[in-house]
Amino acid sequence: GKRPTPEEAAHLVAEVADALAFAHDNGFIHRDIKPANILLDQQGKPLIADFGIATGSSDHLDAGVASSGTLAYMAPEQLAGEIQLIDHRVDVYALGVVFYELLTRSLPYQARTPTALREQILFRSPRPVRDMDRSVPPQLEQICLRCLAKHPADRFGSAAELAEALRNR
């Protein structure tokens with residue numbers, strides 16, 4: 001489809017963040033947020049699909065389960081198997097990747113091999129959104145990059161906080 005404007009992208013991501021906040025409040029972490037799992041209804045409202053690997057936040061995660069997901073959308077702590085750090089903020093990270101894609105038409109990290117991609121997700125900074133598209137407002141770039149922070153504590157504390165930031169900028 002045609003690329004949304006930065007404003008449309010922000011609106012869409014805020015709506016997905018609302019749906020995630022609802023899931024999180026009910027004790028679920030999705031852990032595989034990616035474009036294929038965000039469906040649009042006839043009104044263009046996003047719905048989150050495929051809670052296949054979702055876990056209750058209190059579930060005991062073993063490293064195998066912890067690191068399942070789709071590589072390009074996985075938060076650093078998921079990749080590193082740092083179980084004590086894995087919480088609802090992995091979904092905030094993944095939604096940041098989706099937002100980045102909506103704004104730039106590309107993934108924040110590009111690599112030829114899964115190993116190289118893991119390395120970038122763990123240690124590199126994403127290319128700034130505005131390097132690729134000057135029409136993206138600086139505030140939206142900041143919100144997007146904050147979602148992609150390496151450490152969960154540097155991201156939005158919740159999907160609800162992300163939605164609010166997108167709506168109140």
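Residues numbered from 1 in each chain as written. Predicted model: local features only at pLDDT ≥ 70, side-chain atom pairs only at ≥ 80, totals over all residues. Heavy atoms only, no water.

Colleague: Before we go on, may I ask you to explain the nonpolar core in this structure?
Modeller: Inside soluble globular proteins, nonpolar side chains tend to come together where they are buried. Of all hydrophobic cores here, the largest spans 44 residues; its most connected members are I33, L95, F99, L162 and L166. For this core, the elements supplying multiple residues, two or more each, are α1 (6-25), α4 (89-104), α5 (114-123), α7 (138-147) and α8 (159-167). In terms of residue count, the dominant contributor to this core is α4 (11 residues). Setting aside residues up to four positions removed in sequence, I33 forms contacts with L20, I38, I48, Y73, D91, A94, L95 and V98. (Core = buried A, V, L, I, M, F, W, Y, C linked by side-chain atoms within 4.5 Å. Buried < 20%, exposed > 50% of the residue type's maximum accessible area, 1.4 Å probe, protein only. Helix = DSSP H or I, 4+ residues; strand = E, 2+ residues; numbered from the N terminus. Contact = heavy atoms within 4.5 Å.)

Colleague: Would you take a moment to explain the packing of α4 against α7 for this structure?
Modeller: Each pair of packed helices can be described by the angle between their axes along with the distance between the axes. Interaxial distance between α4 and α7 falls to 7 Å at its minimum, and their mutual angle equals 140 degrees. Taken together, the axes of α4 and α7 lie oblique to each other. The hand of the α4/α7 crossing is left-handed. Taking contact as the criterion, the partners of V92, Y93, G96, F99, Y100 and L103 in α4 are, on α7, L140, I143, C144, L145 and C147. (Axes fitted to C-alpha atoms, helices over the stretch in contact; angles between N-to-C directions. Parallel < 35°, antiparallel > 145°, perpendicular 65-115°, else oblique. Left-handed = near helix turned anticlockwise from the far one by under 90°.)

Colleague: Help me understand α1 in this model?
Modeller: Every α-helix carries 3.6 residues per turn, so stepping three or four residues along brings you back to the same face. The terminal C-alpha atoms of α1 lie 28 Å apart, and with 20 residues this matches the ideal 28 Å at 1.5 Å per residue to within 8%. Those residues of α1 lying buried are P6, A9, A10, V13, A14, E15, V16, A17, L20, A21, A23 and H24. (Expected span 1.5 Å × (residues − 1).)

Colleague: What should I look at first to understand the pattern of salt bridges in this one?
Modeller: Opposite charge on two side chains permits them to pair, given that their charged atoms come into close proximity. Going through the model one piece at a time under the given rule, you end up with 9 salt bridges. Residue R169 pairs with E7 through a salt bridge whose shortest N-O separation is 3.9 Å. One end of the pair, R169, is in the segment after α8; the other, E7, is in helix α1, and 162 residues separate them in sequence. Accessibility expressed as a relative area gives 35% for R169, which makes it partly exposed. Of the residues examined, E7 reaches a relative accessible area of 40% and is grouped as partly exposed. Salt-bridge contacts for R124 lead to E119; the nearest nitrogen and oxygen are separated by 3.3 Å. Judged by relative accessible area, R124 falls into the partly exposed class, the value being 44%. Residue classification places E119 among the partly exposed positions, given a relative accessible area of 33%. (Salt bridge = Lys/Arg side-chain N within 4 Å of Asp/Glu carboxyl O.)

Colleague: Looking at this structure, I do not really get the environment of G157. What am I missing?
Modeller: Structurally, the position occupied by G157 is in the loop between α7 and α8. Considering only alpha carbons, one finds G157 and H88, 69 residues apart in sequence, at a separation of 8.8 Å. Once residues lying within four places of it in the same chain are set aside, the contact partners of G157 are H88 and R89.

Colleague: Is there a simple way to explain the state of the cysteines in this structure?
Modeller: As used in these notes, a disulfide is a covalent bond between sulfur atoms, one from each of two cysteines. Using the criterion set out here, one finds 0 disulfides in the structure. Not engaged in a disulfide, the cysteine C144 finds its nearest cysteine sulfur in C147; these two sulfurs lie 6.3 Å apart. Overall, the relative accessible area of 0% leaves C144 in the buried class. (Disulfide = S-S within 2.5 Å.)

Colleague: Looking at this model, I keep getting lost on the side chain of K34. Mind explaining?
Modeller: Relative to the helices and strands, K34 resides in the loop between β1 (28-29) and β2 (38-40). In terms of polar contacts, K34 uses its side chain to reach the side chain of T70, at 2.8 Å. Not counting chain neighbours up to four residues away, the residues in contact with K34 comprise T70, Y73 and V98. (Polar contact = N/O pair within 3.5 Å; in protein donor to acceptor, adjacent residues only side chain to side chain.)

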